[in-house]
Amino acid sequence: MAGGASRAGLPPATGAWREGDPPGRRQFLDIGALDLELGGRLPAVRLSYETWGELADDGSNAVLVLHALTGDSHVSGPAAPGHPTAGWWEGVIGAGGVVDPDRWFVVSANVLGGCQGSTGPSSAAPDGRPWGSRFPRTTVGDQVRAELRLADALGVRRWGVVLGGSMGGMRALEWLTGHPDRVSSGLVFAVGAAASADQIGTQTAQMLAITGDTGWHGGDFHHLPAGHGPHHGLGVARRIAHLTYRSAGELETRFGRAPQDGEHPLGQRLGDGRFAVQSYLDHHASKLAHRFDAGTYVALTDAMNTWDVGRARGGVEVALGRIRAPVVVAGIDSDRLYPLAQQALLARAIPTVVGGLRVVKSLYGHDGFLLEREQVGALITEVLALDAAARPR
């Protein structure tokens, strides 16, 4: 049972994929030791990844798809043993989708620090015990340098297209600025060039919800039985995050002040009943606790807090000004986590931006990059055409 799956409905100490769980579509690559941007070293790193399609003889059809905070490598495909949820871009990636494996070689890796097969806090350190509190601080730059080794191992000398939204958009920008000779075109979606004070603040609150949970044990909780571990704190973090992922308009339209069916929120005592929106947030908190690891949530959120494409590159505008591949920059009109002003800065500073800032219209807020599949598909189609047009004939 994945991640020490719960008995009698109890949440597991960790929802991570663990050795011995069904691998599903995952493949694994050991990439060796990795020196880290902020100091420290991982002596042995493994990446979990999935692929669709075949790499062309000339290597021109490779597409890298980069997931967000609680995503993983399972971009396309049904829920199945080893994969607790269906592909997060199902219908966009996959047979008959916008990025069809009959034409493209699609790669998606679980990020360094992740909990779905890649080296992270829940995975085994060289001594056989989970890394836990010993897992070093990692950055978006470290994540991409690990993916660079995966690309080398797969024979991908240059990605035709790199696609990413939210945290995946950070990695897309890191590829474009840090490894410009390895990317032909990109889609950067619903992200900024550096973490803002607002983002750092809300994300730090999420981290503190987890590390302040009595089940955190300093980060060394992975051995605990179901019903223990920091699942309460992880649930609070998820609730805070979800409120930034969705728009106020959507929540008002869907729920307003309606009570949860069969409950009365104005009971005699606090907690006697729930509003429907509370039940909605409770549901998402419970789902995450059963499929994710609290240590990974903290590690990746910290990497997002330290995100700054201009670090050690002369500042944001200098770094973005070095991009040479054509890039489509898109944002969502109702996004309150990564507002349009942040994508507007990217569109102004990237010299190769195509068509200025693209705006996806959505009631769903930040999650529109996952949910507005028709509009997102049209953007990806355009980026794929940019790559094809740039190739020698």
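Note that the structure is a prediction, hence the values are computed from the model and not measured.

With that out of the way, let us pick up the nonpolar core. Note on soluble globular proteins: their nonpolar side chains tend to be buried together. The biggest cluster of nonpolar side chains holds 70 residues, and the ones touching the most others in it are Trp159, Leu173, Trp175, Tyr297, Leu320 and Leu346. Excluding anything up to four places from it in sequence, Tyr297 contacts Leu69, Thr70, Gln206, Ile210, Leu234, Ala237, Arg238, Ala241, Tyr245, Leu288 and Phe292. Val65, Val75, Leu187 and Val360 belong to the second largest nonpolar core, which has 27 residues in total.

Attention now moves to the sheet that holds strand E4 (residues 105–109). Within the open sheet, the eight strands sit side by side as E1-E2-E4-E3-E5-E6-E7-E8. Their pairing is mixed. Edge positions in the sheet fall to strand E1 (27–35) and strand E8 (358–360), since each of these pairs with one other strand and no more. Neighbour-to-neighbour, the strand axes of the sheet open up by a mean angle of 25°, direction not taken into account. Across four bridges, the pairing between strand E3 (residues 62–66) and strand E5 (residues 161–165) is parallel. Bridge assignment links Val65 to a residue of E5, and that residue is Leu163. Here helix H2 (residues 167–178) sits on the sheet in contact with E3, E4, E5, strand E6 (186–189) and strand E7 (327–332), set at roughly 145° to E5.

Per-residue pLDDT for the protein averages 94, and the proportion of residues at 70 or more is 94%. Within the model, pLDDT remains below 50 along residues 1–8, and this stretch shows 18 contacts once partners closer than five positions in the same chain are excluded.

What follows covers helix H6 (residues 276–289). A rise of 1.5 Å per residue sets the reference length of H6, with its 14 residues, at 20 Å; its end C-alpha atoms lie 20 Å apart and thus fit the reference within 8%. Looking at the buried positions of H6, the neighbouring elements they touch are helix H4 (231–245), helix H5 (248–254) and helix H7 (294–305).

Pairing between side chains of opposite charge can happen when the charged atoms of each approach one another. Under the criterion given, the structure shown has 18 salt bridges. Two residues, Arg25 and Glu50, come together in a salt bridge whose shortest N-O distance is 3.0 Å. A residue pair is termed long-range when its members are at least 10 positions apart, and Arg25 in the segment before E1 and Glu50 in strand E2 (residues 41–52) qualify at 25 residues. We classify Arg25 as partly exposed; its relative accessible area is 34%. Judged by its relative accessible area of 0%, Glu50 falls in the buried class. A salt bridge links Asp152 to Arg182, with the shortest nitrogen-to-oxygen separation between them at 2.7 Å. Of this pair, Asp152 sits in helix H1 (residues 140–154) while Arg182 sits in the loop between H2 and E6; the two residues are 30 residues apart in sequence, bridging distant segments of the chain. One network of salt bridges, in which partners are shared, links Arg246, Glu250, Arg254 and Asp367.

What follows concerns the packing of aromatic side chains. Under the counting rule described, the total for this entry stands at eight aromatic pairs. Judged by centre distance (6.2 Å) and plane angle (80°), the ring pair of Trp131 and Phe135 falls under edge-to-face. Taking relative accessible area as the criterion, Trp131 reaches 9% and is therefore assigned buried. Each ring, one from Phe255 and one from Tyr280, has its centre 4.9 Å from the other, and the planes form 40°; the classification is tilted. You can see Phe255 sitting in the loop between H5 and H6 and its partner Tyr280 sitting in helix H6, a full 25 residues away along the chain. As far as burial versus exposure is concerned, Phe255 and Tyr280 are alike and both buried. One residue, Arg103, lies across the ring of Trp104, its end atom 4.1 Å from the ring centre.

Cut-offs applied
- Residues numbered from 1 in each chain as written.
- Predicted model: local features only at pLDDT ≥ 70, side-chain atom pairs only at ≥ 80, totals over all residues.
- Heavy atoms only, no water.
- Core = buried A, V, L, I, M, F, W, Y, C linked by side-chain atoms within 4.5 Å.
- Buried < 20%, exposed > 50% of the residue type's maximum accessible area, 1.4 Å probe, protein only.
- Contact = heavy atoms within 4.5 Å.
- Pairing = 2+ DSSP bridges.
- Helix = DSSP H or I, 4+ residues; strand = E, 2+ residues; numbered from the N terminus.
- Axes fitted to C-alpha atoms, helices over the stretch in contact; angles between N-to-C directions.
- pLDDT = per-residue confidence, 0-100.
- Expected span 1.5 Å × (residues − 1).
- Salt bridge = Lys/Arg side-chain N within 4 Å of Asp/Glu carboxyl O.
- Phe/Tyr/Trp six-rings, centres within 6.5 Å; stacked < 30°, edge-to-face > 60°.
- Lys NZ or Arg CZ within 6 Å of the ring centre and 35° of its normal.

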